[in-house]
Amino acid sequence: MVKGKFITFEGCEGSGKSTQLRLLSEYLGKEGIPYILTREPGGSSIAEQIRKIILDGRNMEMCDECEAHLYAAARMQHLKDTVVPALESGKLVICDRYVDSSLAYQGEARGLGMEYIAAINSQAITNYSPDLTVFLNIPPDKAFKRKHGADKNDRMEKQGLDFHMKVYGGYLKLLQKYPRICAVECGGTKFETNANIIALLKDKGII
Ligand code: TYD
């Protein structure tokens, strides 16, 4: 049986990830390509419950290590409940954020270090590595200007611009290190970015 491909999307807040995922879904639907679109943290019943704890704006006293472990815990549950079964049934799995988010947010921006994050995510990194990771490459200061500021109020969005610039710096390091991560420039219109993403997926033999 042919196993499906696993692709992940990464980017800073305001990078237009949700819009791009919607446009890509519409395209895949039109083309009749079997896929699922899922997200982290969440994407399965238990993982969604963990998501609520992580993002709850009242949990401001959560320590960085706890946060990192909760993301890692939600990730394993989501892999087993949602991602692996879909891959085994031959579907293309598109995941909104994955391990690279933990490396950039908790490893780099929170300052826990990428080694620490890699260690607590070793199962996911070793056994469930994406075939391709699409990085929407726009720095948060530019993205926030475009969107007139972040529009959500969860615990992560409440972090200031400095934090989000560190996240971006983390992503740039990952981009240098892992050839599976491909940057897509997204300074143009949403339709231009969508076309760039489709071209990339075709070029890499994903679709
Ligand atoms: P979400 O509302 O899904 O944000 P976005 O639309 O930007 O993807 O919330 C997910 C938040 O969790 C987001 O701020 C990024 C953060 N995050 C981490 O810090 N580490 C992780 O491992 C993951 C998966 C997400």
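Please refer to the structure placed before this passage.
Residues numbered from 1 in each chain as written. Predicted model: local features only at pLDDT ≥ 70, side-chain atom pairs only at ≥ 80, totals over all residues. Heavy atoms only, no water.

1. Structural notes on the overall build of the protein chain
- Summing up its helical and strand segments, the protein chain has 9 helices and 5 strands in all.
- The N-to-C order of helical and strand elements in the protein chain reads β-α-β-α-α-β-α-α-α-β-α-α-β-α.
- A compact globule built from 207 residues would reach a C-alpha radius of gyration of about 17 Å, and the protein chain, at 16 Å, matches this within 12%.
- Overall size of the protein chain, expressed as C-alpha extent along the three principal axes, is 45 × 35 × 30 Å.
- Looking at the protein chain as a whole, 50% of its 207 residues qualify as buried.
- A sequence separation of at least 24 residues applies to 78% of the contacts in the protein chain between residues at least 6 apart.
- Looking at the protein chain as shown, the accessible area adds up to about 9,900 Å², and 53% of this sits on carbon and sulfur atoms. (Helix = DSSP H or I, 4+ residues; strand = E, 2+ residues; numbered from the N terminus. Rg over C-alpha atoms; globule rule 2.2 N^0.38 Å. Buried < 20%, exposed > 50% of the residue type's maximum accessible area, 1.4 Å probe, protein only. Contact = heavy atoms within 4.5 Å. Areas by Shrake-Rupley, 256 points an atom, 1.4 Å probe, with all protein chains shown as cover.)

2. Regarding helix α4 (residues 99–109)
- Burial within α4 is extensive, with 10 of its 11 residues counted as buried.
- Residue Gly111 follows α4 closely and has a positive phi angle near 90°.

3. Regarding the environment of Met156
- With respect to the secondary-structure elements, Met156 resides in the loop between α7 (140–147) and α8 (161–177).
- The spatial distance from the C-alpha of Met156 to the C-alpha of Glu26 is 29 Å, given a sequence separation of 130 residues.
- The residues contacting Met156, other than those within four sequence positions of it, are Leu55, Glu67, Tyr71, Tyr105, Gln106, Arg110, Phe163 and His164.

4. Observations concerning the site of the ligand
- Taken together, 17 residues lie around the ligand, and Lys17, Tyr71, Arg97, Ser102 and Gln106 are the ones closest in.
- In the model, an oxygen atom of the ligand is placed 3.0 Å from a nitrogen or oxygen of the Glu13 side chain.
- Side-chain polar atom of Arg75 to an oxygen atom of the ligand: 2.9 Å apart, as the coordinates give it.
- In the complex, 94% of the free accessible area of the ligand, which totals 540 Å², lies under the protein chains.
- When residues of the shell around the ligand are traced back to their parent elements, those giving at least two are α2 (45–55), α3 (64–88) and α4.
- The element contributing the most residues to the shell around the ligand is α4, with 4 residues.
- For the shell around the ligand, the residue count by class is 5 nonpolar, 3 polar and 9 charged. (Near = heavy atom within 4 Å. Polar contact = N/O pair within 3.5 Å; in protein donor to acceptor, adjacent residues only side chain to side chain. Nonpolar A, V, L, I, M, F, W, Y, C, P; charged D, E, K, R; others polar.)

5. With respect to the packing of α4 against α8
- Where α4 contacts α8, the axes come no closer than 8 Å and their chain directions differ by 125°. Considering the angle they form, α4 stands oblique to α8. Every pair of crossing elements has a handedness; the one defined by α4 and α8 is right-handed. Of the residues in α8, those touching α4 at Asp100, Ser101, Leu103, Ala104, Tyr105, Glu108 and Ala109 are Phe163, Lys166, Val167, Gly170, Tyr171, Lys173 and Leu174. (Axes fitted to C-alpha atoms, helices over the stretch in contact; angles between N-to-C directions. Parallel < 35°, antiparallel > 145°, perpendicular 65-115°, else oblique. Left-handed = near helix turned anticlockwise from the far one by under 90°.)

6. Observations regarding unusual backbone geometry
- Cis geometry marks the peptide bond from Glu40 to Pro41; its omega dihedral reads -15°.
- Relative to the helices and strands, Pro41 resides in the loop between β2 (35–39) and α2.
- Unlike most non-glycine residues, Arg97 shows phi in positive territory, near 80°.
- Mapped onto the elements of the fold, Arg97 is located in the loop between β3 (92–96) and α4.

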